[in-house]
Amino acid sequence: MVSNAVQWQEKPITKKPTRRKPMIIVGIVGLIALIAAAVAVAVVLTRRSSSSSSSSSSSSSSSSSGSNSGSDPSVFAKDPKLVQSFYGIAYTPEGSQMPNCAYNADSSIWQVIKCYAPAVSSTAVAGADCNQTALVLEAIKQTKAQMTVWVGNYVIPTDNGTAYRRQRDELTRVIQTYGTEHIGGITVGNEFMLNYVTANSATDPNGSVGNTGAALLKADIDDTKSVMRDLNHGNIPIGNAEAGAYFNTDTLRNVDYGLSNVHAWFAGTTVQDAAGWTWQYFEETNVVVANGLPNKPEMYIAETGWPTKYTQTSLQTMGAPPSQATEANLQVFLDTFVCQANRNGTKYFFFELFDEKWKDDMYGGVEGWWGLFYAK
């Protein structure tokens, strides 16, 4: 019998894929050619040897990764194992979270763009702190990578707009410096409503508490639009990223696009059903709602994937019957999601490029172990 996940057919599901904690994401999106199923398999096989292969390629290219290297940074060898398999891949720059800005262009972002340029056509950042947006755009400029950046502003509900204004001003400087040639949109807020609603002991993003939070977010979205108009870039798309179950309808009415975090793991599905569940949940919960609004914001899956490891034993499995956090199950999800999504036109960011140790240190559980590649 053919798996339901492969056929993208599932019975109606009522579970909500809520996240246990907020995550700052970087999404990589672009119009990438459809590929055969074998290509997706090859990407995970590459993960198993990435500790040696990626480090060696990183070492070989390090001499030309920096702006003061004395050589042309746009000339570099491309890893033949990497092909454009995905519509998008999520990536978080290492050390790009306040207050500990710990990376530099040479060792982190430059290397990522040079090593993985063959696999992606665009990149997006969900926050502007730690100079990450400028470093990404500078790396693209110097390496001449054909990428479009979806920049972001990570809004914090409880700081009276401090983080928003700091990042808004940084993005303004970035756009004044680099222009908008490589910018596809500005994402204001990432899981803002999830954080606001749960912090106020509520569950409905469209209830009274949710609408109060949405009004705060709308002020930031409107301010971003005003700033872009003042810079003569009023046509740049403005969007919002949110956990799949926590989009506020008023917020969607006010943006050009929505980025939805949809994780079958947190919904307790089996890995065999995860691909079909992800597509159906996204369609029914996000796409249908967006298409019913006058502005019809374009919807993307901002995060979807499968964890390969866990810190707490209690999170080794999720749901009943359980699905384990293993590399083998990541392979199953790749086999049943990637090519089907490419064929049916689902716009998604596969979560994520690398394992992220800082997420494991900060949150534990499975948070740091979603990478297609081991941590750098």
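Residues numbered from 1 in each chain as written. Predicted model: local features only at pLDDT ≥ 70, side-chain atom pairs only at ≥ 80, totals over all residues. Heavy atoms only, no water.

### A closer look at the overall build of the chain
Counted only if it meets this: Strands are runs of DSSP state E lasting at least two residues, helices are runs of H or I lasting at least four, and both sets are numbered from the N terminus onward. We call a residue buried when its accessible area falls under 20% of the maximum for its residue type, exposed when it is over 50%, and partly exposed in between, using a 1.4 Å probe and counting protein chains only. We call two residues in contact whenever any of their non-hydrogen atoms come within 4.5 Å of each other. All accessible-area figures derive from a Shrake-Rupley calculation using a 1.4 Å probe, and residue coverage is judged against the displayed protein chains alone.
When you go through the chain residue by residue, the secondary structure sums to 13 helices and 13 strands. Considering the chain as a whole, with its 376 residues, one finds that 58% of them fall into the buried category. Sequence separation of 24 or more characterises 77% of the internal contacts of the chain that already satisfy a separation of 6 or more. Surface exposure of the chain reaches about 15200 Å², of which carbon and sulfur atoms provide 53%.

### Re the pairing of strand E13 (residues 348-351)
Looking down a regular strand, the side chains alternate between one sheet face and the other. Worth spelling out the cut-off: Strand pairing is assigned whenever DSSP detects at least two bridges linking the two strands.
Residues Tyr-348 and Phe-350 line one face of E13 and the alternating positions Phe-349 and Phe-351 line the opposite face, and both faces are buried. The sheet contact formed by strand E2 (residues 88-90) and E13 spans 2 bridges and is parallel. By the bridge assignment, Ala-90 is partnered in E13 with Phe-351. Sheet analysis places strand E10 (residues 298-304) next to E13, joined by 2 bridges and oriented parallel. For Ile-301, the partnering residue across the bridge sits in E13 and is Tyr-348.

### Structural notes on the pattern of salt bridges
The criterion, for reference: Here, a salt bridge means any side-chain nitrogen of Lys or Arg that lies within 4 Å of a carboxyl oxygen of Asp or Glu.
One pass over the full model with this rule turns up 9 salt bridges. As a salt-bridge pair, Arg-168 and Asp-223 come within 3.0 Å of each other at their nearest N and O atoms. Of this pair, Arg-168 sits in helix H6 (residues 162-178) while Asp-223 sits in helix H8 (residues 208-230), and the two are 55 residues apart along the sequence. A residue is classified by how much of its surface remains accessible, and Asp-223, at 25% relative accessible area, is partly exposed. In this structure, the salt-bridge partner of Lys-359 is Glu-352, at a minimum N-O distance of 3.1 Å. Each of the two residues, Lys-359 as well as Glu-352, counts as buried. Bridged by salt links that share partners, the residues Arg-168, Asp-169 and Asp-223 form one connected network.

### Some words on the nonpolar core
To be explicit about the condition: By nonpolar core we mean a set of buried residues, namely Ala, Val, Leu, Ile, Met, Phe, Trp, Tyr and Cys, connected to one another through side-chain atoms within 4.5 Å.
Ranked by internal contacts, the top residues of the largest apolar core, which has 87 residues, are Ile-186, Phe-337, Tyr-348 and Phe-350. Top element by residues in this core is helix H11 (residues 271-291). It accounts for 8 residues. In this structure, Tyr-348 is in contact with Ser-85, Phe-86, Tyr-87, Gly-88, Ile-301, Phe-337, Val-338, Ala-341 and Asn-342, ignoring residues within four places of it in sequence.

### Concerning the pairing of strand E8 (residues 238-243)
Across the 6 residues of E8, 6 count as buried, placing the element largely inside the fold. Neither face of E8 is exposed, since Ile-238, Asn-240 and Glu-242 on one face and Gly-239, Ala-241 and Ala-243 on the opposite face are all buried. Two elements, strand E7 (residues 183-190) and E8, share 3 bridges in a ladder whose sense is parallel. Looking at the pairing, Asn-190 lines up with Ala-241 of E8.

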